[in-house]
Amino acid sequence: MNILLWHVHGSWTTAFVQGPHTYLVPVTPDRGADGRGRAETFSWPSTVREATPEELADAPVDLVVLQRPHEEELADRWLGGRRPGKDVPAVYLEHNTPRGDVPDTRHPMADRDDVTLVHVTHFNRLFWDNGTTRTTVIEHGIVDPGHLYTGRLPRAAVVVNEPVRRGRYVGTDLLPLLAGAAPLDVFGMRTEGLAGHLGLPADRCRAADLPQGGLHAAMAERRLYLHPVRWTSLGLSLLEAMHLGMPVVALATTEAVEAVPAGTGTLSTRPEVLARAARHYLAEPEAAAEDGARARQAALERYGLKRFLDDWERLIAEVRS
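A quick note: this is a predicted structure, and the numbers were derived from the prediction, not measured.

Trainee: Whenever I open this one, the overall build of the protein chain confuses me. Can you help?
Mentor: Looking only at helices and strands, the protein chain has 13 helices and 13 strands in total. Relative to the 2.2 N^0.38 estimate, which gives 20 Å for 321 residues, the radius of gyration of the protein chain is 20 Å and therefore close to what a compact globule would have. Considering the protein chain as a whole, with its 321 residues, one finds that 55% of them fall into the buried category. Sequence separation of 24 or more characterises 67% of the internal contacts of the protein chain that already satisfy a separation of 6 or more. Surface summary for the protein chain: the accessible area is close to 13,500 Å², and the carbon and sulfur share equals 50%. In the protein chain, the 35 positive side-chain charges and the 42 negative ones have mean positions that sit 4 Å from each other.

Trainee: How should the sheet that holds strand 3 (residues 48-51) be read in this particular structure?
Mentor: Strands belonging to one sheet form pairs held by backbone hydrogen bonds; the direction of such a pair is parallel or antiparallel. Spatial ordering of the open sheet is given by 3-2-1-4-5-6-7, a layout of seven strands whose pairing is parallel. One side of each edge strand has no neighbouring strand; the edge strands of this open sheet are strand 3 and strand 7 (135-137). Taken over all neighbouring pairs, the strand axes of this sheet differ in orientation by 25° on average, direction set aside. Of the pairings in the sheet, the one linking strand 1 (residues 2-5) to strand 4 (residues 63-66) comprises three bridges and is parallel in character. Its bridge partner lying in strand 4, Ile3 is registered against Leu63. Those strands touched by helix 13 (residues 305-320) are strand 1, strand 4, strand 5 (90-94), strand 6 (116-119) and strand 7, and its axis lies near 140° from that of strand 5.

Trainee: Help me out: how do you make sense of the sheet that holds strand 11 (residues 222-227) in this one?
Mentor: In spatial order, the strands read 10-9-8-11-12-13; together these six strands make up an open sheet with parallel pairing. Of all strands in the sheet, those bounded by a partner on one side alone are strand 10 (205-208) and strand 13 (265-268). Each strand of the sheet is rotated relative to its neighbour by a mean of 20°, with strand direction disregarded. Pairing geometry for strand 8 (residues 153-159) and strand 9 (residues 184-187), over four bridges, is parallel.

Trainee: Can you help me understand the side chain of Thr28 in this one?
Mentor: Tracing the backbone through its elements, the reader meets Thr28 in the loop between strand 2 (22-26) and strand 3. In this structure Thr28 comes out as buried when scored by relative accessible area, which is 16%. Reaching out from Thr28, the side chain makes a polar contact with the side chain of Asp30 at a distance of 2.7 Å. Residue contacts for Thr28: discarding those within four places in its chain leaves Gly35, Pro53 and Trp78.

Trainee: Explanation requested: the packing of aromatic side chains in the structure shown.
Mentor: Any two aromatic rings considered together are summarised by their centre-to-centre distance and by the angle between their planes. This model, assessed by the stated rule, comprises nine aromatic pairs. Centre to centre, the rings of Phe127 and Trp231 are 5.8 Å apart; their planes meet at 75°, and the pair counts as edge-to-face. Of this pair, Phe127 sits in helix 4 (residues 122-127) while Trp231 sits in the loop between strand 11 and helix 9 (236-244), and the two are 104 residues apart along the sequence. Within the aromatic cluster, the residues linked to one another by ring pairs are Trp12, Phe16, Tyr23, Phe308 and Trp312. Positioned above the aromatic ring of Tyr169, the side-chain terminus of Arg99 is 3.8 Å from the ring centre.

Trainee: Which parts of the structure should I look at to understand the pattern of salt bridges?
Mentor: Oppositely charged side chains may form a pair once their charged atoms are brought near each other. For the structure on display, the rule yields 30 salt bridges. The salt bridge involving Arg165 is made with Glu162; its shortest N-O contact spans 2.8 Å. Judged by relative accessible area, Arg165 falls into the exposed class, the value being 61%. Several salt bridges converge on common partners, so that one network encompasses Arg152, Arg155, Asp185, Asp203, Arg206, Glu221 and Arg222.

Trainee: In this structure, what is going on with the nonpolar core? I would like to understand it.
Mentor: Within the largest apolar cluster, 77 residues are counted, with the highest numbers of intra-cluster contacts made by Trp12, Phe16, Met219, Met242 and Trp312. Grouped together as the second largest cluster of nonpolar side chains are 19 residues, Leu24, Met109, Val115 and Leu117 included.

Trainee: Please explain the pairing of strand 6 as it appears in this structure.
Mentor: For a regular strand, side chains alternate in direction, first toward one face of the sheet and then toward the other. The alternating pattern of strand 6 places Thr116 and Val118 on one face and Leu117 and His119 on the opposite face, and all of these are buried. Bridge analysis of strand 5 against strand 6 gives four bridges, and the strand direction is parallel. Opposite Glu94, over in strand 6, you have His119 as the bridge partner. In this view, the connection linking strand 6 to its parallel neighbour strand 7 by way of helix 4 has right-handed handedness.

Cut-offs applied
- Residues numbered from 1 in each chain as written.
- Predicted model: local features only at pLDDT ≥ 70, side-chain atom pairs only at ≥ 80, totals over all residues.
- Heavy atoms only, no water.
- Helix = DSSP H or I, 4+ residues; strand = E, 2+ residues; numbered from the N terminus.
- Rg over C-alpha atoms; globule rule 2.2 N^0.38 Å.
- Buried < 20%, exposed > 50% of the residue type's maximum accessible area, 1.4 Å probe, protein only.
- Contact = heavy atoms within 4.5 Å.
- Areas by Shrake-Rupley, 256 points an atom, 1.4 Å probe, with all protein chains shown as cover.
- Lys, Arg positive; Asp, Glu negative; His and termini not counted.
- Charge placed at Lys NZ, Arg CZ, Asp CG, Glu CD.
- Pairing = 2+ DSSP bridges.
- Axes fitted to C-alpha atoms, helices over the stretch in contact; angles between N-to-C directions.
- Polar contact = N/O pair within 3.5 Å; in protein donor to acceptor, adjacent residues only side chain to side chain.
- Phe/Tyr/Trp six-rings, centres within 6.5 Å; stacked < 30°, edge-to-face > 60°.
- Lys NZ or Arg CZ within 6 Å of the ring centre and 35° of its normal.
- Salt bridge = Lys/Arg side-chain N within 4 Å of Asp/Glu carboxyl O.
- Core = buried A, V, L, I, M, F, W, Y, C linked by side-chain atoms within 4.5 Å.
- Right-handed = clockwise from strand over helix to strand, strands pointing away.

Listed below in C-alpha coordinates is the structure:
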(Lines give C-alpha, C1' and ligand atoms only; values in the text may rest on other atoms or scores of the structure.)
Protein backbone atom coordinates (compact mmCIF):
# COMPACT_ATOMS: atom_id res chain seq x y z
CA MET A 1 0.00 0.00 0.00
CA ASN A 2 0.89 3.66 -0.26
CA ILE A 3 0.69 5.37 3.14
CA LEU A 4 0.82 9.15 3.42
CA LEU A 5 2.27 10.60 6.61
CA TRP A 6 4.13 13.73 7.54
CA HIS A 7 7.65 13.66 8.98
CA VAL A 8 6.69 14.90 12.45
CA HIS A 9 8.31 12.52 14.93
CA GLY A 10 11.56 11.10 13.58
CA SER A 11 12.08 8.36 16.17
CA TRP A 12 8.53 7.03 15.94
CA THR A 13 8.54 7.17 12.15
CA THR A 14 11.81 5.23 12.03
CA ALA A 15 9.99 2.26 13.54
CA PHE A 16 6.77 2.70 11.53
CA VAL A 17 8.48 2.74 8.13
CA GLN A 18 10.07 -0.66 8.77
CA GLY A 19 6.74 -2.15 7.65
CA PRO A 20 5.96 -3.70 4.23
CA HIS A 21 4.50 -0.61 2.52
CA THR A 22 5.53 2.46 0.56
CA TYR A 23 5.54 5.56 2.74
CA LEU A 24 4.95 8.94 1.11
CA VAL A 25 6.33 11.88 3.09
CA PRO A 26 5.52 15.39 1.84
CA VAL A 27 8.43 17.62 0.86
CA THR A 28 8.34 21.35 0.16
CA PRO A 29 11.13 23.63 -1.11
CA ASP A 30 11.83 25.06 2.33
CA ARG A 31 11.66 21.64 4.04
CA GLY A 32 9.63 23.31 6.76
CA ALA A 33 7.37 21.68 9.34
CA ASP A 34 4.82 20.57 6.72
CA GLY A 35 7.36 19.34 4.18
CA ARG A 36 10.50 18.00 5.84
CA GLY A 37 10.75 15.02 3.54
CA ARG A 38 13.05 12.15 4.43
CA ALA A 39 15.00 12.26 7.67
CA GLU A 40 18.63 13.34 7.63
CA THR A 41 19.66 11.99 11.04
CA PHE A 42 17.67 8.71 11.07
CA SER A 43 18.16 5.67 8.89
CA TRP A 44 15.03 5.12 6.77
CA PRO A 45 14.59 2.45 4.09
CA SER A 46 14.19 3.22 0.39
CA THR A 47 10.44 2.56 0.69
CA VAL A 48 10.12 6.04 2.24
CA ARG A 49 9.63 8.35 -0.72
CA GLU A 50 9.40 12.10 -0.84
CA ALA A 51 6.42 13.61 -2.66
CA THR A 52 5.68 17.23 -3.44
CA PRO A 53 2.12 18.56 -3.01
CA GLU A 54 1.84 18.58 -6.81
CA GLU A 55 2.87 14.92 -7.02
CA LEU A 56 0.45 13.95 -4.28
CA ALA A 57 -2.49 15.31 -6.27
CA ASP A 58 -2.32 12.28 -8.58
CA ALA A 59 -0.59 9.77 -6.31
CA PRO A 60 -2.44 6.60 -5.32
CA VAL A 61 -2.89 6.75 -1.53
CA ASP A 62 -4.40 3.87 0.43
CA LEU A 63 -4.17 5.32 3.95
CA VAL A 64 -3.51 8.70 5.54
CA VAL A 65 -1.86 8.86 8.97
CA LEU A 66 -2.70 12.26 10.47
CA GLN A 67 -0.62 13.50 13.41
CA ARG A 68 -1.56 17.20 13.76
CA PRO A 69 -5.01 18.80 13.44
CA HIS A 70 -4.19 20.96 10.42
CA GLU A 71 -2.94 17.99 8.40
CA GLU A 72 -6.53 17.05 7.60
CA GLU A 73 -6.95 20.24 5.57
CA LEU A 74 -3.51 19.82 3.99
CA ALA A 75 -4.32 16.27 2.94
CA ASP A 76 -7.64 17.32 1.44
CA ARG A 77 -5.94 20.06 -0.57
CA TRP A 78 -2.77 18.21 -1.57
CA LEU A 79 -4.63 15.02 -2.52
CA GLY A 80 -6.76 16.92 -5.01
CA GLY A 81 -9.91 17.01 -2.93
CA ARG A 82 -9.74 13.47 -1.58
CA ARG A 83 -10.89 13.81 2.02
CA PRO A 84 -9.22 11.78 4.80
CA GLY A 85 -11.73 9.47 6.43
CA LYS A 86 -14.25 9.86 3.62
CA ASP A 87 -12.49 9.35 0.29
CA VAL A 88 -9.31 7.82 1.71
CA PRO A 89 -9.13 5.71 4.90
CA ALA A 90 -7.49 7.66 7.74
CA VAL A 91 -6.25 7.32 11.28
CA TYR A 92 -5.17 10.09 13.63
CA LEU A 93 -2.04 9.26 15.63
CA GLU A 94 -1.78 11.12 18.94
CA HIS A 95 1.78 11.30 20.25
CA ASN A 96 1.26 13.68 23.16
CA THR A 97 -0.28 14.06 26.59
CA PRO A 98 -3.10 16.64 26.76
CA ARG A 99 -2.33 20.26 27.62
CA GLY A 100 -4.79 22.49 29.47
CA ASP A 101 -8.00 21.55 31.34
CA VAL A 102 -6.57 18.14 32.24
CA PRO A 103 -8.32 15.71 32.64
CA ASP A 104 -11.16 17.34 30.70
CA THR A 105 -9.10 18.18 27.61
CA ARG A 106 -11.13 17.49 24.46
CA HIS A 107 -9.20 15.86 21.68
CA PRO A 108 -9.34 17.62 18.28
CA MET A 109 -10.71 14.38 16.79
CA ALA A 110 -13.35 13.83 19.50
CA ASP A 111 -16.80 12.70 18.34
CA ARG A 112 -15.72 11.66 14.86
CA ASP A 113 -17.09 8.59 13.10
CA ASP A 114 -14.79 8.70 10.07
CA VAL A 115 -11.35 8.27 11.67
CA THR A 116 -9.76 5.99 14.24
CA LEU A 117 -7.82 7.74 16.98
CA VAL A 118 -4.59 5.90 17.84
CA HIS A 119 -2.81 6.71 21.11
CA VAL A 120 0.78 5.65 21.72
CA THR A 121 0.20 4.97 25.44
CA HIS A 122 -2.69 3.85 27.60
CA PHE A 123 -2.06 6.87 29.80
CA ASN A 124 -2.73 9.19 26.89
CA ARG A 125 -5.98 7.47 25.97
CA LEU A 126 -7.08 7.69 29.60
CA PHE A 127 -6.35 11.40 29.99
CA TRP A 128 -7.62 12.73 26.66
CA ASP A 129 -11.38 13.20 26.32
CA ASN A 130 -11.86 11.30 23.08
CA GLY A 131 -15.64 11.63 22.96
CA THR A 132 -17.32 8.94 20.85
CA THR A 133 -14.43 8.52 18.40
CA ARG A 134 -13.21 4.96 18.05
CA THR A 135 -9.88 4.76 19.90
CA THR A 136 -7.14 2.22 20.26
CA VAL A 137 -3.62 2.06 21.69
CA ILE A 138 -0.59 0.87 19.77
CA GLU A 139 2.37 1.04 22.09
CA HIS A 140 5.76 2.10 20.82
CA GLY A 141 8.13 -0.19 19.00
CA ILE A 142 11.88 0.26 18.80
CA VAL A 143 14.40 -0.68 16.14
CA ASP A 144 16.74 -2.59 18.43
CA PRO A 145 20.13 -0.81 18.63
CA GLY A 146 21.63 -3.82 20.38
CA HIS A 147 22.99 -4.41 23.87
CA LEU A 148 25.69 -1.75 23.69
CA TYR A 149 25.92 -0.86 27.37
CA THR A 150 29.35 -0.50 28.95
CA GLY A 151 28.59 2.09 31.64
CA ARG A 152 32.27 2.91 31.73
CA LEU A 153 31.66 6.62 32.37
CA PRO A 154 30.35 7.42 35.88
CA ARG A 155 27.81 9.89 34.53
CA ALA A 156 24.06 9.95 33.87
CA ALA A 157 22.64 10.31 30.37
CA VAL A 158 19.58 12.53 29.87
CA VAL A 159 17.89 12.88 26.49
CA VAL A 160 15.57 15.85 25.99
CA ASN A 161 14.96 18.34 23.22
CA GLU A 162 14.73 22.05 24.05
CA PRO A 163 15.05 21.71 27.84
CA VAL A 164 15.13 25.48 28.45
CA ARG A 165 11.94 26.21 26.52
CA ARG A 166 10.06 23.16 27.78
CA GLY A 167 11.09 23.69 31.40
CA ARG A 168 8.97 21.98 34.01
CA TYR A 169 7.26 19.68 31.52
CA VAL A 170 10.52 17.79 31.01
CA GLY A 171 11.88 18.34 34.53
CA THR A 172 14.59 20.86 33.63
CA ASP A 173 14.15 22.49 37.02
CA LEU A 174 15.09 19.18 38.71
CA LEU A 175 18.46 18.91 36.99
CA PRO A 176 20.45 20.98 39.55
CA LEU A 177 19.46 18.61 42.36
CA LEU A 178 20.16 15.54 40.24
CA ALA A 179 23.46 16.95 38.96
CA GLY A 180 24.55 17.07 42.59
CA ALA A 181 24.16 13.29 42.72
CA ALA A 182 25.63 12.40 39.33
CA PRO A 183 27.26 14.50 36.63
CA LEU A 184 24.89 14.80 33.69
CA ASP A 185 25.35 14.51 29.94
CA VAL A 186 22.25 16.02 28.37
CA PHE A 187 21.68 15.04 24.75
CA GLY A 188 19.18 16.69 22.42
CA MET A 189 18.31 19.65 20.26
CA ARG A 190 18.89 23.13 21.63
CA THR A 191 20.69 21.98 24.76
CA GLU A 192 23.60 24.39 24.32
CA GLY A 193 24.08 26.76 27.26
CA LEU A 194 22.01 24.59 29.60
CA ALA A 195 24.60 24.52 32.39
CA GLY A 196 24.80 28.31 32.44
CA HIS A 197 21.02 28.61 32.39
CA LEU A 198 20.82 26.35 35.46
CA GLY A 199 23.80 27.90 37.23
CA LEU A 200 25.76 24.64 37.15
CA PRO A 201 29.49 24.07 36.59
CA ALA A 202 30.10 22.98 33.01
CA ASP A 203 31.39 19.54 34.02
CA ARG A 204 28.24 18.76 36.03
CA CYS A 205 25.93 19.38 33.07
CA ARG A 206 27.44 18.83 29.63
CA ALA A 207 25.29 19.13 26.51
CA ALA A 208 25.46 17.72 22.98
CA ASP A 209 23.19 17.16 19.99
CA LEU A 210 24.07 13.90 18.21
CA PRO A 211 22.50 11.90 15.34
CA GLN A 212 20.73 8.73 16.44
CA GLY A 213 23.61 6.37 15.69
CA GLY A 214 26.10 8.44 17.63
CA LEU A 215 23.58 9.09 20.37
CA HIS A 216 23.04 5.41 21.14
CA ALA A 217 26.77 4.75 21.40
CA ALA A 218 27.24 7.77 23.67
CA MET A 219 24.31 6.88 25.91
CA ALA A 220 25.56 3.32 26.36
CA GLU A 221 28.87 4.58 27.78
CA ARG A 222 27.08 6.36 30.63
CA ARG A 223 26.40 4.47 33.86
CA LEU A 224 22.64 5.13 33.94
CA TYR A 225 19.77 6.75 32.12
CA LEU A 226 17.99 9.58 33.95
CA HIS A 227 14.42 10.48 32.96
CA PRO A 228 13.19 13.51 34.97
CA VAL A 229 10.14 14.12 32.76
CA ARG A 230 6.96 15.30 34.47
CA TRP A 231 4.41 15.56 31.69
CA THR A 232 5.10 14.31 28.21
CA SER A 233 4.18 11.10 26.50
CA LEU A 234 6.44 8.12 27.06
CA GLY A 235 9.83 9.21 25.71
CA LEU A 236 11.26 6.92 23.05
CA SER A 237 14.71 7.75 24.41
CA LEU A 238 13.73 5.98 27.64
CA LEU A 239 12.82 2.82 25.71
CA GLU A 240 15.97 3.12 23.60
CA ALA A 241 18.06 3.35 26.79
CA MET A 242 16.43 0.18 28.06
CA HIS A 243 17.13 -1.57 24.75
CA LEU A 244 20.76 -0.52 25.08
CA GLY A 245 20.93 -2.27 28.47
CA MET A 246 20.95 0.83 30.67
CA PRO A 247 19.43 0.96 34.16
CA VAL A 248 16.72 3.60 34.44
CA VAL A 249 16.16 6.27 37.09
CA ALA A 250 12.88 8.02 36.31
CA LEU A 251 10.04 10.07 37.69
CA ALA A 252 7.00 7.83 38.26
CA THR A 253 4.77 9.91 36.01
CA THR A 254 2.66 9.33 32.89
CA GLU A 255 3.43 5.96 31.22
CA ALA A 256 6.82 5.43 32.86
CA VAL A 257 5.16 3.41 35.62
CA GLU A 258 4.09 0.86 32.99
CA ALA A 259 7.30 0.86 30.97
CA VAL A 260 9.85 0.39 33.76
CA PRO A 261 9.16 -2.78 35.77
CA ALA A 262 10.72 -3.74 39.09
CA GLY A 263 14.36 -4.75 38.92
CA THR A 264 15.22 -2.50 35.99
CA GLY A 265 15.87 0.73 37.84
CA THR A 266 14.17 3.18 40.21
CA LEU A 267 10.84 4.99 39.80
CA SER A 268 9.67 7.61 42.26
CA THR A 269 7.79 10.90 42.45
CA ARG A 270 10.45 12.12 44.91
CA PRO A 271 13.49 13.66 43.23
CA GLU A 272 15.63 12.93 46.27
CA VAL A 273 14.94 9.21 45.79
CA LEU A 274 16.11 9.48 42.20
CA ALA A 275 19.26 11.23 43.40
CA ARG A 276 19.99 8.37 45.82
CA ALA A 277 19.45 5.83 43.06
CA ALA A 278 21.87 7.67 40.78
CA ARG A 279 24.52 7.68 43.51
CA HIS A 280 23.94 3.95 44.02
CA TYR A 281 24.60 3.15 40.38
CA LEU A 282 27.71 5.32 40.28
CA ALA A 283 29.08 3.41 43.28
CA GLU A 284 27.92 -0.05 42.14
CA PRO A 285 28.65 -0.61 38.43
CA GLU A 286 27.84 -4.34 38.66
CA ALA A 287 24.38 -3.58 40.02
CA ALA A 288 23.89 -1.05 37.23
CA ALA A 289 24.78 -3.63 34.59
CA GLU A 290 22.49 -6.26 36.11
CA ASP A 291 19.50 -3.92 36.28
CA GLY A 292 20.27 -2.71 32.77
CA ALA A 293 20.24 -6.26 31.42
CA ARG A 294 16.80 -6.79 32.95
CA ALA A 295 15.67 -3.44 31.50
CA ARG A 296 16.72 -4.60 28.04
CA GLN A 297 14.80 -7.85 28.35
CA ALA A 298 11.68 -6.05 29.54
CA ALA A 299 11.86 -3.56 26.69
CA LEU A 300 12.36 -6.26 24.07
CA GLU A 301 9.32 -8.12 25.33
CA ARG A 302 6.94 -5.16 25.48
CA TYR A 303 8.31 -2.66 22.96
CA GLY A 304 9.81 -4.89 20.30
CA LEU A 305 9.56 -3.88 16.66
CA LYS A 306 7.70 -7.00 15.47
CA ARG A 307 4.84 -6.55 17.94
CA PHE A 308 4.58 -2.88 16.98
CA LEU A 309 4.42 -3.59 13.24
CA ASP A 310 1.99 -6.48 13.73
CA ASP A 311 -0.33 -4.22 15.73
CA TRP A 312 -0.27 -1.64 12.96
CA GLU A 313 -0.94 -4.23 10.27
CA ARG A 314 -4.02 -5.43 12.13
CA LEU A 315 -5.32 -1.88 12.52
CA ILE A 316 -4.64 -0.99 8.89
CA ALA A 317 -6.59 -4.06 7.76
CA GLU A 318 -9.50 -3.07 10.00
CA VAL A 319 -9.54 0.56 8.85
CA ARG A 320 -9.49 -0.42 5.17
CA SER A 321 -12.08 -3.20 5.43
